[in-house]
Number of protein chains: 2
Amino acid sequence: MSSGETSIRGRRRRTASEPSKRKINYHDLRNPFPPMDVFSADQISAMHETAFRILQELGVKVLLPEAIEIFRKAGARVEDDMVYIGRDVIDAALTNAPKTIVGKTGVREKDLTFELGRLMFQPGAGAPHATDLVRGRQPGTAQHYRDFTKVNQNFDVLHMLAPSIEPQDVATNVRHYFTTETQLTLSNKFPFVFSRGTPQVMESFEMIQNFRGVSDAEFAANPHTYSIINTNSPRTLDIPMAQGLIDFARCGQLSIVTPFTLMGAMAPITVAGAITLSHAEALAAITLTQLVKAGAPVCYGTFTSNVDMKSGAPAFGTPSHYQASLAAGQMARLIGLPWRCAAGSASNLNDVQAANENQFGLWGSLMAGASVVIHSAGWLEGGLTVSLEKLITDVEVLNMVAELCAGQQATADEIGFDNALSHVDPSGHFFATPQTMERYNTEFYEPIVHDYANIGTWTERGAKDANARATDVWQNIVASDTGVEIDGDKLEALQAYIAKQTAKGGAAPES
Amino acid sequence: MSSGETSIRGRRRRTASEPSKRKINYHDLRNPFPPMDVFSADQISAMHETAFRILQELGVKVLLPEAIEIFRKAGARVEDDMVYIGRDVIDAALTNAPKTIVGKTGVREKDLTFELGRLMFQPGAGAPHATDLVRGRQPGTAQHYRDFTKVNQNFDVLHMLAPSIEPQDVATNVRHYFTTETQLTLSNKFPFVFSRGTPQVMESFEMIQNFRGVSDAEFAANPHTYSIINTNSPRTLDIPMAQGLIDFARCGQLSIVTPFTLMGAMAPITVAGAITLSHAEALAAITLTQLVKAGAPVCYGTFTSNVDMKSGAPAFGTPSHYQASLAAGQMARLIGLPWRCAAGSASNLNDVQAANENQFGLWGSLMAGASVVIHSAGWLEGGLTVSLEKLITDVEVLNMVAELCAGQQATADEIGFDNALSHVDPSGHFFATPQTMERYNTEFYEPIVHDYANIGTWTERGAKDANARATDVWQNIVASDTGVEIDGDKLEALQAYIAKQTAKGGAAPES
């Protein structure tokens, strides 16, 4: 390899100052991975039938009277807070639920299409703590929330905003003002609203609609925001979750329904049993949205992993997690709805375990044909912490997956008999072939944090591991302007609205 | 979740002392992942045709006169050291090459079947340096070689022995005695022999045949050892590699033919071009084995990644590496031969980059339908170093892949309407269902190094990251007896042979 290495060094001197000209669309991704089945069609059918039995015979506990009333009017049998839903009601809901949903954002090129076959990523969400190598592990703050929003905005491969971190230094009655304003002013991506009671939800919708400058009809016609609705497994729909399903459906905004089930704890210990339960709960929640408004935007979803049976601790990125994702994907294809899956890690820091778990769960989601992969970057401690370094190192993996979505060509130009292969003698090199000269600055993905330097060069540069380099990456992003264009009037109106509502005492979360 | 957590803790007190009873076969793996195509059948056909053109029109430089003569006798055109091979010669070789190869080991349950659809793993191989957190990064020694062999023997998911580390403190004229004796006495798995000239190869075969106690006919009928044959890209077959192909084929031992090509350096910059070149080189080498002995055991292979065009440094676990694996898999399925692919990492330490790259390359190999994944554990710095910690953390991932190979059931028992789902009230837990009680000690994979403890418990236990825990794992293995049964007579005979040959001056490697 010695002659080759010399030539490589020559190439480096010529090109080191030229930025890469590679341009790959990381936004409009279609999943190129062949879907993998873990169960036969008959087994999936048996699980689907058992889910109907669960809903009809065992029932779902619904804690919100308004939701119980909606189910009752549709023909469900109600006993106190137990709702028993017949198959016909669910089948009608599945017929009405849209198979394609377009989410509207601040600019057309950030709009999202939710349907089977698409692929989108959301970073880790819902953590009470944030961690990074500069500040350490801390309860989430407004500053963390802004930092995560800026980093999200910076990477096209993160398709949706996420409530990555709970800003606990902002009072709960005005927190939704802060989170909505931050999302709208630091990003033009699809924003998230927590379903913590109708007052907060309606105020958030109002802020988003006005800031986006869309009419009531436009706001109702396509979702401009979304929420994640977790059931309380097994078989319970609590008040804020049921209220969220109703509020979002009524206003045409997107609910992503996700039973979060841990095999061996709040779900059966088997993949088949846990996904059957999760499926039943998702069908109940989806049905509620369609009873509120036929055609309301709703995504199917699952987040099913296992506990460690020795300690009871949740585990992520395990074989059972992977297989549960595959099974949920089969269910989603059965009912035809766009759906979310999830990666994640149980590790307490961004180490090799964290990387391996997250990527293992990611491949489960990809092979399962997920439309949206939630918690695909930055999630540690089973969701108790999000890490800025992990956000960067996971985005590297997501970028590489997005590169795979772009595919490869193999025309005569790429095969290169005439412009490459026939130009090079045995044991020669390809640095100067016409094919290489044409492509050297566009052919390969250029990493954001991975480092290919040999150990001598790497040591001279400070022997920084991936986390140290990731720290540099996120600090540069956080220190920069995000470059989101903001209409001055809209910003003023938003801030005036928030000031007015805050003066009135804000809106406390409901539970 | 509070009631659930209490119950989980109750479960822990009852079961913490019980070892897992889970028994999954990690040896006989069949690849369960649907093969992924990166090119159309037409494009693959065009690449295959171009490979024939390369061999016929551009030719291969062959440095070993004996090999040139074999090609010439078969009808190839020869000009000095350039050999031009016609399509008919290659087609005949592909017809003769076996589609199924059984590799024989020290015990029947370690025997290997090489064919499309199977899945085997070999750890990182060929490194001049070893690294671990105890000794740091050092030139490889005999002690390192023994350590890597013991760790390999300990994990069923590593199917073959590997020349992980070059024991540089053993003189080169007797090094093959040391490596063969170490492999045979510390392991009963499929051993590796370097093709460094006929004298070393023949002595190694003799040691293995005698130690295994098999007749000449048995040794010739099935391979009892293997080598990796790298071509010198582009289009060069050097003396030791050509000699290895001849010696192994003549004696019925396994050659795994692997052009190691870096896109943009010793191969075209495109995936299509690089795989076309790699395919041509592999076909030439496979053809040589079949000309020596029709039906000789040989595996197709590729190891194709890209260089970083800014620095010329090799990169691994990249999108181009992944796509090259897919393309090679399509080629392997076209010709029907078992084949090897490769994972690996360019990182300089076992950090998040190392984990992400290795797993990304692994998934490329899995989706490509590789029969053997080489460098699947422990490989750093693009092969300049193997790491004992990385060996452990990568084995964790391989174990989880092996778990996926085992699949899942979904009978009524697993779906669990009667033994689980109907036993639990809304918001209850599944710890005490008949289904859970029957399975709590067998249902889930139990990790070797991943830690699911929450941050409080984890901190109390010393806040060890995955590398620190991996250090404990390999040190325990290295400190233990491997438990390989050795026939006293065979050991004595092997040592007597080595003493005799050493006294005669050993056998120097040839190049």
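These numbers were taken from a predicted model, which means no experiment stands behind them.

*Asks:* Please clarify how the overall build of chain A should be interpreted in this entry.
*Replies:* From N to C terminus, chain A includes 18 helices and 19 strands. Taken over C-alpha atoms, the radius of gyration comes to 24 Å for chain A, in line with the 24 Å a tight globule of 511 residues would show. By principal-axis analysis of the C-alpha atoms, chain A measures approximately 80 × 60 × 45 Å. Classification of the 511 residues of chain A by burial places 64% in the buried group. In chain A, the proportion of contacts linking residues at least 24 apart, taken out of those at least 6 apart, comes to 76%. Carbon and sulfur atoms provide 49% of the accessible area of chain A, an area that totals close to 16,900 Å². In chain A, 42 side chains carry a positive charge and 55 a negative one; their mean positions are 1 Å apart.

*Asks:* Mind showing me how you'd approach the interface of chain A and chain B here?
*Replies:* Much of the literature gives interface size as the accessible area that the parts lose upon coming together. The partner chain B presents 120 residues to the 119 residues of chain A that form the contact. Regarding the contact of chain A and chain B, the summed buried area is about 10,100 Å², with carbon and sulfur atoms giving 68% of it. Taken as a group, Lys310, Phe444 and Tyr452 of chain A account for 8% of the area that chain A buries against chain B, more than any other trio of residues on that side. Linking chain A with chain B are 2 salt bridges, by the criterion used here. Here Glu446 of chain A makes a salt bridge to Lys310 of chain B, at a shortest N to O gap of 2.8 Å. Inspection of the region where chain A meets chain B yields 34 residue pairs in polar contact (both at pLDDT 80 or more). For the side of chain A that touches chain B, the element with the highest residue contribution is helix α12 (residues 352-367) of chain A, accounting for 9 residues. A class-by-class count of the residues in the side of chain A that touches chain B yields 61 nonpolar, 36 polar and 22 charged.

*Asks:* Is there a simple way to think about the sheet that holds strand β19 (residues 385-387) of chain B in this case?
*Replies:* Backbone hydrogen bonds hold the strands of a sheet together, and the pairing may be parallel or antiparallel. Residue and element names in this part refer to chain B. With mixed pairing, the 4 strands of this open sheet are ordered in space as β9-β8-β19-β18. Each having just a single partner strand, β9 (136-139) and β18 (379-380) make up the two edges of the open sheet. Sitting on the sheet, helix α5 (residues 142-154) is in contact with β8 (129-132), β9 and β19, with an inclination near 65° to β8.

*Asks:* Looking at this model, I keep getting lost on the environment of Glu181 of chain B. Mind explaining?
*Replies:* All names here are of chain B. The residue Glu181 is located in helix α6 (residues 175-186) in this model. Glu181 gets classed as partly exposed once you look at its relative accessible area, which sits at 22%. Taking C-alpha positions, Glu181 is 9.3 Å from Ser204, a pair spaced 23 residues apart along the chain. Leave out the neighbours within four places in its chain, and Glu181 touches Leu494, Gln495 and Ile498.

*Asks:* Sorry if this is basic, but what is going on with the relation of the copies chain A and chain B here?
*Replies:* Put simply, the two copies of the chain differ by a rotation about an axis and a shift along that axis. With an RMSD of 0.0 Å, chain A superimposes on chain B once it is rotated by 180° and translated 0.0 Å along the axis. Taken together, the turn and the small shift mark the pair as related by a two-fold rotation axis. No C-alpha of chain A approaches the rotation axis more nearly than that of Val352 of chain A, which lies at 2.6 Å. Comparing interface residues between copies, 100% of those in chain A also lie at the interface in chain B; the contact surface is shared.

*Asks:* What am I meant to see in the sheet that holds strand β4 (residues 82-84) of chain B here?
*Replies:* Residue and element names in this part refer to chain B. In spatial order, the strands read β3-β4-β2-β11; together these 4 strands make up an open sheet with mixed pairing. Two strands close off the open sheet at either side, each with one partner strand: β3 (77-79) and β11 (236-237). Helix-sheet contacts for helix α2 (residues 41-58) involve β2 (60-62), β3 and β4, and the interaxial angle to β4 is about 130°.

*Asks:* What is the right way to read the environment of Tyr26 of chain B from this model?
*Replies:* All names here are of chain B. With respect to the helices and strands, Tyr26 occurs in the loop between α1 (2-15) and β1 (29-30). Between the alpha carbons of Tyr26 and Met400 there is a distance of 9.7 Å; along the sequence they are 374 residues apart. Here Tyr26 is in contact with Asp156, Val157, His159, Asn399, Ala402, Glu403 and Tyr445, once residues within four sequence places are set aside.

*Asks:* Can you walk me through helix α3 (residues 65-73) of chain B in this structure?
*Replies:* An α-helical segment advances 3.6 residues per turn. Residues three or four places apart therefore align on the same side. Residue and element names in this part refer to chain B. All buried positions along α3 are accounted for by Ala67, Ile68, Ile70 and Phe71. Buried residues of α3 fall within an arc of 160° about the axis and therefore sit on the same side. Seen from the buried face of α3, the exposed residues on the opposite side, beyond 90 degrees, are Pro65 and Lys73.

*Asks:* So what exactly am I meant to see when it comes to the pattern of salt bridges here?
*Replies:* Pairs can form between side chains of opposite charge once their charged atoms are near each other. All names here are of chain A. Enumeration over the complete set of coordinates arrives at 48 salt bridges over all chains. Note that Asp111 is salt-bridged to Lys104, the shortest N-O span being 3.8 Å. Salt-bridge contacts for Asp394 lead to Lys390; the nearest nitrogen and oxygen are separated by 3.1 Å. Residue Asp394 and its partner Lys390 are located together in helix α13 (residues 388-405), separated by 4 residues, close to a single helical turn. Assessed through its relative accessible area of 0%, Lys390 is described here as buried. Through salt bridges with shared partners, a single network forms among Asp413, Glu414, Arg439 and Glu443.

*Asks:* It is not clear to me how the state of the cysteines should be interpreted in this structure. Could you clarify?
*Replies:* Should the sulfur atoms of two cysteines be covalently bonded, the bond is a disulfide. Residue and element names in this part refer to chain B. Counting across every chain of the model gives 0 disulfides over all chains. With no disulfide of its own, Cys251 lies closest to Cys299 among cysteine sulfurs, the gap being 18 Å. Under the relative-accessibility criterion, Cys251 is labelled buried at 18%. Here Cys299 stays unpaired: no disulfide links it, and the sulfur of Cys341, its closest cysteine neighbor, is 12 Å away.

*Asks:* What am I meant to see in the packing of α6 of chain B against helix α18 (residues 488-503) of chain B here?
*Replies:* Packed helices, taken two at a time, are described by their axes: the angle between them and the distance between them. Residue and element names in this part refer to chain B. It is at 11 Å that the axes of α6 and α18 come closest, and there the two elements cross at 175°. With respect to their mutual orientation, α6 and α18 come out roughly antiparallel. Contact with α6, carried on its side by Tyr177, Glu181, Leu184 and Thr185, involves Leu491, Leu494, Gln495, Ile498, Gln501 and Thr502 of α18 and no other residues of that element. Tallied by class, residues from the contact of α6 with α18 come to 5 nonpolar, 4 polar and 1 charged.

*Asks:* Even after reading the chapter, I still don't get the packing of aromatic side chains, so can you show me in this structure?
*Replies:* Each aromatic ring pair is described using two quantities: the centre-to-centre distance and the angle formed by the ring planes. Residue and element names in this part refer to chain A. All told, the structure shown has 35 aromatic pairs over all chains when counted by the stated rule. Summarising the aromatic geometry, the rings of Phe190 and Tyr226 are spaced 5.4 Å apart at their centres and angled 5° between planes, so their arrangement reads as stacked. Here Phe190 is found in the loop between α6 (175-186) and α7 (198-212), whereas its partner Tyr226 is found in strand β10 (residues 226-229), with 36 residues between them in sequence. Note on Tyr226: relative accessible area 0%, which makes it buried.

*Asks:* Any chance you could explain the nonpolar core here in plain terms?
*Replies:* A general tendency of soluble globular proteins is for nonpolar side chains to be buried together. Formed by 288 residues in total, the largest nonpolar core has its most connected members in Phe121 and Tyr322 of chain A together with Phe121 and Tyr322 of chain B. Residues in contact with Phe121 of chain A, not counting those within four places in the same chain, are Leu29, Val157, Leu158, His159, Met160, Leu362, Leu366, Val373, Ser376, Leu398 and Val401 of chain A.

*Asks:* In this structure, what is going on with the confidence of the model for chain A? I would like to understand it.
*Replies:* As a general rule, the predicted coordinates of low-pLDDT regions are not to be interpreted in detail. Averaged over all residues, the pLDDT of chain A is 95; the fraction at 70 or higher stands at 96%. Predicted complex, confidence summary: ipTM 0.96, pTM 0.96.

*Asks:* Is there a simple way to think about helix α4 (residues 87-96) of chain A in this case?
*Replies:* All names here are of chain A. Inspection of α4 places Val89, Ile90, Ala93 and Leu94 among the buried residues, and these make up the whole buried set. Each buried residue of α4 sits inside an arc of 130° when the element is viewed along its axis, so together they form one side. α4 presents Asp88 and Thr95 as exposed residues on the side facing more than 90 degrees away from its buried surface.

*Asks:* Could you clarify how one ought to interpret the side chain of Thr185 of chain B in this entry?
*Replies:* Residues and elements named next belong to chain B. Structurally, Thr185 can be placed in helix α6. Of note is the side chain of Thr185, whose polar atom sits 2.6 Å from the backbone oxygen of Glu181. The contact partners of Thr185, leaving out residues within four places of it in the chain, are Phe211, Val484, Ile486, Leu491 and Leu494.

*Asks:* I'm lost on unusual backbone geometry in this one. Help?
*Replies:* Outside of glycine, negative phi angles account for most residues, and trans bonds account for most peptide bonds. Residue and element names in this part refer to chain A. In this chain, Ser233 is followed by Pro234 through a cis amide linkage whose omega measures -5°. With respect to the helices and strands, Pro234 occurs in the loop between β10 and β11 (236-237). Residues other than glycine seldom take positive phi values, yet Asp80 does so here, at roughly 55°. One non-glycine residue, Ala463, lies in the positive phi region at around 50°.

*Asks:* For this particular structure, what's the right way to read the packing of α12 of chain A against helix α12 (residues 352-367) of chain B?
*Replies:* The N-to-C vectors of α12 of chain A and α12 of chain B enclose an angle of 30°; their axes lie 8 Å apart at closest approach. On the basis of their axis angle, the class for α12 of chain A and α12 of chain B is roughly parallel. Crossing geometry of α12 of chain A relative to α12 of chain B is assigned as right-handed. Between α12 of chain A and α12 of chain B, the contacting residues are Val352, Ala355, Asn356, Gln359, Phe360, Trp363 and Met367 of chain A on the first element and Val352, Ala355, Asn356, Gln359, Phe360, Trp363 and Met367 of chain B on the second. The class makeup of the residues in the contact of α12 of chain A with α12 of chain B is 10 nonpolar, 4 polar and no charged.

*Asks:* Looking at this structure, how should I read the side chain of His279 of chain A?
*Replies:* When you line up the elements, His279 of chain A lands in helix α10 (residues 271-292). Beyond its immediate stretch of four places on either side in the chain, His279 of chain A contacts His48, Ala51, Tyr300, Met331 and Ile335 of chain A.

*Asks:* When you look at the environment of Val352 of chain A in this model, what are you seeing that I'm missing?
*Replies:* Within the secondary structure layout, Val352 of chain A lies in helix α12. With relative accessibility at 3%, the residue Val352 of chain A sits in the buried group. Those residues in contact with Val352 of chain A that lie beyond four places of it in its chain are Asn350, Asp351, Ala355, Thr393, Ala466 and Asn467 of chain B.

Thresholds, definitions, all that
Residues numbered from 1 in each chain as written. Chains lettered and ligands numbered in written order. Predicted model: local features only at pLDDT ≥ 70, side-chain atom pairs only at ≥ 80, totals over all residues. Heavy atoms only, no water. Helix = DSSP H or I, 4+ residues; strand = E, 2+ residues; numbered from the N terminus. Rg over C-alpha atoms; globule rule 2.2 N^0.38 Å. Buried < 20%, exposed > 50% of the residue type's maximum accessible area, 1.4 Å probe, protein only. Contact = heavy atoms within 4.5 Å. Areas by Shrake-Rupley, 256 points an atom, 1.4 Å probe, with all protein chains shown as cover. Lys, Arg positive; Asp, Glu negative; His and termini not counted. Charge placed at Lys NZ, Arg CZ, Asp CG, Glu CD. Buried area = accessible area lost by both parts, 1.4 Å probe. Salt bridge = Lys/Arg side-chain N within 4 Å of Asp/Glu carboxyl O. Polar contact = N/O pair within 3.5 Å; in protein donor to acceptor, adjacent residues only side chain to side chain. Nonpolar A, V, L, I, M, F, W, Y, C, P; charged D, E, K, R; others polar. Pairing = 2+ DSSP bridges. Axes fitted to C-alpha atoms, helices over the stretch in contact; angles between N-to-C directions. Least-squares fit on C-alpha atoms with pLDDT ≥ 70 in both. Arc of directions from axis to C-beta. Disulfide = S-S within 2.5 Å. Parallel < 35°, antiparallel > 145°, perpendicular 65-115°, else oblique. Phe/Tyr/Trp six-rings, centres within 6.5 Å; stacked < 30°, edge-to-face > 60°. Core = buried A, V, L, I, M, F, W, Y, C linked by side-chain atoms within 4.5 Å. pLDDT = per-residue confidence, 0-100. Left-handed = near helix turned anticlockwise from the far one by under 90°.

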